[in-house]
Amino acid sequence: MKRSKIIFLLFVVLVFAACKRNPLKVDISGINKEVEVVRFGNQMFDGLRNKDTMKVMTELNNKYPDFFNLFTSRIIRVGGADSEQFPGLMKTFLSDTARVVNVKSRVDEEFKNFVSLEEQLKKAFKYYSYHFPDTKLPTIYTYISGFNYSIVTADGIIGISLDKYLGRDYAFYKQLSTTPHYKTLNMYKDRILPDVAYAWGEKEFEGNVAEGNLLANIIQKGKIMYFVDAMLPDMQDSVKIGYTSKQLQWCNQNEPAMWTYLIEHKMLYTNKRMNIVRYTRDAPTTTGFPLGAPGRTGVWIGWQIVRQYMKKHPEVTLPELMKEPDYQMILSQSEYSPE
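Below is a short write-up of the structure. Positions within a chain are numbered from 1, following the residues in the order the chain's sequence is written. In keeping with the model being predicted, local features are shown solely for residues with a pLDDT of at least 70 and side-chain atom pairs are shown and tallied solely at 80 or more, while totals for entire chains, interfaces and linings include all residues. Only hydrogens and water are removed before side-chain values are computed, so all heavy atoms of the structure are retained for them.

This part takes up the packing of helix 10 (residues 214–231) against helix 13 (residues 273–280). Axis angles are defined between N-to-C directions and span 0 to 180 degrees, where every axis is a line fitted to C-alpha atoms and, for a helix, only to the segment in contact. Helix and strand assignments come from DSSP, with helices taken as H or I runs of at least 4 residues and strands as E runs of at least 2, each series counted from the N terminus. Between helix 10 and helix 13, the least distance of the axes is 10 Å, while the angle of their chain directions is 30°. Our classification of the angle between helix 10 and helix 13 gives roughly parallel. Taken as a pair, helix 10 and helix 13 cross one another with a handedness that is right-handed. Every residue of helix 13 that contacts helix 10 at Leu214, Asn217, Ile218 and Lys221 is listed here: Asn275, Ile276, Tyr279 and Thr280. Note on residue classes: Ala, Val, Leu, Ile, Met, Phe, Trp, Tyr, Cys and Pro are nonpolar, Asp, Glu, Lys and Arg are charged, and everything else, Gly too, is polar. Residue composition of the contact of helix 10 with helix 13, grouped by class: four nonpolar, three polar and one charged. Orientation labels follow simple angle bins: below 35 degrees gives roughly parallel, above 145 gives roughly antiparallel, 65 to 115 gives roughly perpendicular, and whatever is left gives oblique. Here a crossing is called left-handed whenever its near helix is offset anticlockwise from the far helix by less than a right angle, and right-handed whenever the offset is clockwise. Contact criterion: two residues are considered in contact whenever any of their non-hydrogen atoms come within 4.5 Å of each other.

Written as structure tokens, this is what we have:
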């Protein structure tokens, strides 16, 4: 083979590799900031082996005052430590055989290799620090919640209910009347990272689009999904958005048809709450689309619009994207037109 031909082929390979390279796969080797992960639940149950319940609660309250109040008041809903009913309600929670005592054994088994999850969380927030170097990192707390909120956020705090990620086939999930089957499909530990990233993105950048139209809502949520991309550049799209591979394939194959439907039915600029909910809230399917359509297809479309916009405008940084309030501009300059 002639030298010129070899050089040409090498050039083609390099160009192809450059086109395929993920621009969010940045070098984080120089990031020294590291998120702190506190195993709050373990500290609580370990303490209860040797000490009185209220003594343990007092120690935890003194050690983690901000999170302790969040945990007792908002997550497990037994009130503040200074309330008269608190001791009794706390003991009732801790002695709940079905929702706490037996679940702890399953949590310990499922997360026996917790170091792996902790390292993944730290890596995700190194990516966050790369894009937002001046932002203080939150502290992450893990615990058992009695099957309450999966993820909670507050100023400087992220809480993870490990009992909400015990696996799709965990028998007790089938007995929870408040948790439909389509939700349990995402109650497995690989979903912790994208749930944390999405919840933190909402906490930091959600903005006020409640009164906006469908376009504003799907692009805002698409921006949050792109934020998840940035924190988890190696993760599969299906896990990021919580779809099965079949559901993701359906969206990819039907993207043009979904977009055409929204335009032809004049849905993009509707501000009717039920129309917005139909395309953005978690559900087994998207009403109005064929049965194969998963829920939150509007979020998926918004994600593709934002990805296309960022591909067209590589000069735009992640902080600039997250602060951009002009949703119509993002759509226009993305030149989004699936075919």
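What follows picks up the thread again.
Quick look at the packing of aromatic side chains now. Given two aromatic rings, one states the distance between the centres and the angle between the planes to describe the pair. Classification of ring pairs uses Phe, Tyr and Trp, with its six-membered ring standing for Trp, and accepts pairs whose centres are within 6.5 Å; under 30 degrees between planes counts as stacked, over 60 as edge-to-face, and the remaining range as tilted. One pass over the structure, following the stated rule, counts 22 aromatic pairs. When the ring of phenylalanine 67 is compared with that of tyrosine 143, the centres are 5.6 Å apart and the planes differ by 40°; the resulting orientation is tilted. Of this pair, phenylalanine 67 sits in helix 4 (residues 65–75) while tyrosine 143 sits in strand 2 (residues 139–143), placing them 76 residues apart in sequence. By relative accessible area, phenylalanine 67 is classed as buried at 0%. Since its relative accessible area comes to 1%, tyrosine 143 is described here as buried. By the ring-pair criterion, three or more aromatic residues cluster together here, those being Phe40, Tyr64, Phe67, Phe71, Phe93, Tyr141 and Tyr143. Criterion for a charge above a ring: Arg CZ or Lys NZ at most 6 Å from the ring centre, at most 35 degrees from the ring normal. Between the NZ or CZ atom of arginine 74 and the centre of the ring of tyrosine 149, over which it lies, the distance is 6.0 Å. Per-residue accessibility, obtained with a 1.4 Å probe over protein chains only, is compared with the maximum for each type, and a residue is labelled buried under 20%, exposed over 50%, and partly exposed between these values.

As a further point, take the sheet that holds strand 1 (residues 36–38). Read from one edge to the other, the open sheet built from four strands follows the order 1-2-4-3, with strand pairing classed as mixed. In the strand order of this sheet, the two ends are held by strand 1 and strand 3 (151–154), each with one partner. The average angle at which neighbouring strand axes cross in this sheet is 20°, direction not considered. In this analysis, strands are considered paired if DSSP registers two or more bridges between them. Strand direction decides the pairing type here: strand 1 and strand 2, joined by three bridges, are parallel. Paired with valine 37 across the two strands is isoleucine 140, which belongs to strand 2.

Further remarks concern the pattern of salt bridges. Any carboxyl oxygen of Asp or Glu that lies within 4 Å of a side-chain nitrogen of Lys or Arg is treated as forming a salt bridge with it. Using the criterion set out here, one finds 20 salt bridges in the structure. A salt bridge links lysine 104 to aspartate 108; the nearest nitrogen and oxygen atoms lie 2.7 Å apart. Highlighted residues: lysine 104 and aspartate 108, both in helix 6 (residues 97–110), separated by four residues, approximately one helical turn. Using a relative accessible area of 34% as the deciding quantity, one classes aspartate 108 as partly exposed. Its salt-bridge partner being lysine 122, residue glutamate 118 comes within 3.5 Å of it at the nearest N-O pair. Here glutamate 118 and its partner lysine 122 are both found in helix 7 (residues 114–131), four residues apart, which amounts to about one turn of the helix. Connected through shared salt-bridge partners, Asp229, Asp237, Lys240 and Arg307 make up one network.

Attention now goes to the pairing of strand 3. Pairing analysis gives four bridges linking strand 3 to strand 4 (residues 157–161), with the strands arranged antiparallel. Bridged to isoleucine 151 within strand 4 is isoleucine 160. Between strand 3 and strand 4, which follow one another and run antiparallel, lie two residues, and glycine 156 among them has a positive phi close to 75°.

Right, let's get into the side chain of threonine 53. Structurally, the position occupied by threonine 53 is in helix 3 (residues 53–63). The contacts of threonine 53, once residues within four sequence positions are left out, are Leu48, Lys91 and Leu94.

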